[in-house]
Amino acid sequence: MSHHENGAEHVHDLVKDQRTAMLTTVHDASGTLASRPMACQRADPDGTLWFLAFADSEKTEEIRRSPQVNVAFTEEGTWVSVTGRASVLQDPARARERWNPFAEAWFQGEPEDERVVVIRVDGDSAEYWDSRGRVGTLVGVLKAKVTGDQPDEGENETVAL
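Just so it is clear, the structure is predicted and the values come from calculations on it, not from any experiment.

Trainee: Explain helix H1 (residues 7-15) here, please?
Mentor: Think of an α-helix as 3.6 residues a turn; residues three or four steps apart then line up on the same face. Along H1, seven of the nine residues are buried, which leaves the element largely enclosed by surrounding structure. Those residues of H1 that sit buried are Gly7, Ala8, His10, Val11, His12, Leu14 and Val15. In this structure, the buried residues of H1 make contact with strand E2 (33-43), strand E4 (68-75), strand E5 (78-89), strand E6 (116-130) and strand E7 (155-160).

And the structure:
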């Protein structure tokens, strides 16, 4: 159960400073899924996530064929899963806004390079698990063992974005 009045704001707070996410796409016509780590360039409060990629990469082809994606974030005690629709944009201005030294090293070029595209993920919903961290979780598990109750796993909620 959430203690947050605005679940979308809480999701944004959980992911806004995370730089690495797992982007899952539909790999082929049979529905096989493929996940890969991606650098999240920005997370907007409205649930929009931004990535940079090579225009001819497998992931961009998969998004063009089937835009339904999932983006998963994790850090100590916090997990967020965002479901949404992705689009591949040839947009040098947006790429420039999201450019950083890591992107420059990865792409070995500039954001205006036609090989660079922006992946925009418009989040539809997100599910998060926000625990008290490893020590709090361990205490909850030990308490549950003594009392026979289920352990308190922290907050878990699904929210519309």
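Trainee: Help me out: how do you make sense of the packing of aromatic side chains in this one?
Mentor: Here a ring pair, both rings aromatic, is described through the centre-centre distance and the interplanar angle of the planes. The full count for this structure, using the stated rule, is three aromatic pairs. In textbook terms, an aromatic cluster arises when at least three aromatic residues are bridged by ring pairs, as seen for Phe54, Trp99 and Phe107. Arginine 98 extends its terminal NZ or CZ atom over the ring of tryptophan 50, reaching a point 3.9 Å from the ring centre.

Trainee: Got a minute to help me understand the pattern of salt bridges in this structure?
Mentor: Evaluated as defined, the whole model comprises eleven salt bridges. Measuring nitrogen to oxygen at the nearest pair gives 3.3 Å for the salt bridge that ties arginine 96 to glutamate 110. Placement of the pair is arginine 96 in helix H3 (residues 92-98) and glutamate 110 in the loop between helix H4 (101-107) and E6, with a sequence separation of 14 residues. Residue arginine 120 pairs with aspartate 122 through a salt bridge whose shortest N-O separation is 2.8 Å. Under the relative-accessibility criterion, arginine 120 is labelled partly exposed at 23%. Taken together, the salt bridges that share partners define one network made up of Arg96, Glu110 and Glu112.

Trainee: When you look at the nonpolar core in this model, what are you seeing that I'm missing?
Mentor: Among the nonpolar cores identified, the biggest contains 26 residues, and Leu49, Phe51, Val71, Phe73, Val80, Ile119 and Val121 are the most heavily contacted of them. Within the residue set of this core, elements represented by two or more residues are H1, strand E1 (20-26), E2, strand E3 (48-54), E4, E5 and E6. If we skip the residues at most four places from it in the chain, phenylalanine 73 touches Val15, Gln18, Thr20, Ala21, Cys40, Leu49, Thr78, Trp79 and Val80. Core analysis: the next-biggest nonpolar cluster, separate from the first, contains eight residues, Leu52, Trp99, Phe107 and Val118 among them.

Trainee: I keep staring at unusual backbone geometry and nothing clicks. Help me out?
Mentor: Excluding glycine, most residues fall at negative phi; most peptide bonds, likewise, are trans. Located in the positive-phi region is glutamine 108, a residue other than glycine, with phi close to 50°. Mapped onto the fold, glutamine 108 is located in the loop between H4 and E6. Glutamine 108 sits in the exposed class, given a relative accessible area of 65%.

Trainee: Teacher, can you tell me more about the environment of arginine 42 here?
Mentor: Of note, arginine 42 is situated in strand E2. Taking the C-alpha atoms as reference points, arginine 42 and arginine 98, separated by 56 residues in sequence, lie 7.2 Å from one another. Within the structure, the side chain of arginine 42 is placed 2.7 Å from the side chain of aspartate 44, a separation counted as a polar contact.

Trainee: Just checking my understanding: could you explain the side chain of threonine 60 for this structure?
Mentor: Structurally, threonine 60 is set in helix H2 (residues 58-65). One polar contact links the side chain of threonine 60 to the main-chain carbonyl oxygen of serine 57, over a distance of 2.8 Å. If we skip the residues at most four places from it in the chain, threonine 60 touches Ala53, Phe54, Ala55, Val88, Val117 and Ile119.

Analysis parameters
Residues numbered from 1 in each chain as written. Predicted model: local features only at pLDDT ≥ 70, side-chain atom pairs only at ≥ 80, totals over all residues. Heavy atoms only, no water. Buried < 20%, exposed > 50% of the residue type's maximum accessible area, 1.4 Å probe, protein only. Helix = DSSP H or I, 4+ residues; strand = E, 2+ residues; numbered from the N terminus. Contact = heavy atoms within 4.5 Å. Phe/Tyr/Trp six-rings, centres within 6.5 Å; stacked < 30°, edge-to-face > 60°. Lys NZ or Arg CZ within 6 Å of the ring centre and 35° of its normal. Salt bridge = Lys/Arg side-chain N within 4 Å of Asp/Glu carboxyl O. Core = buried A, V, L, I, M, F, W, Y, C linked by side-chain atoms within 4.5 Å. Polar contact = N/O pair within 3.5 Å; in protein donor to acceptor, adjacent residues only side chain to side chain.

Function-wise, these values are silent; they only describe arrangement.
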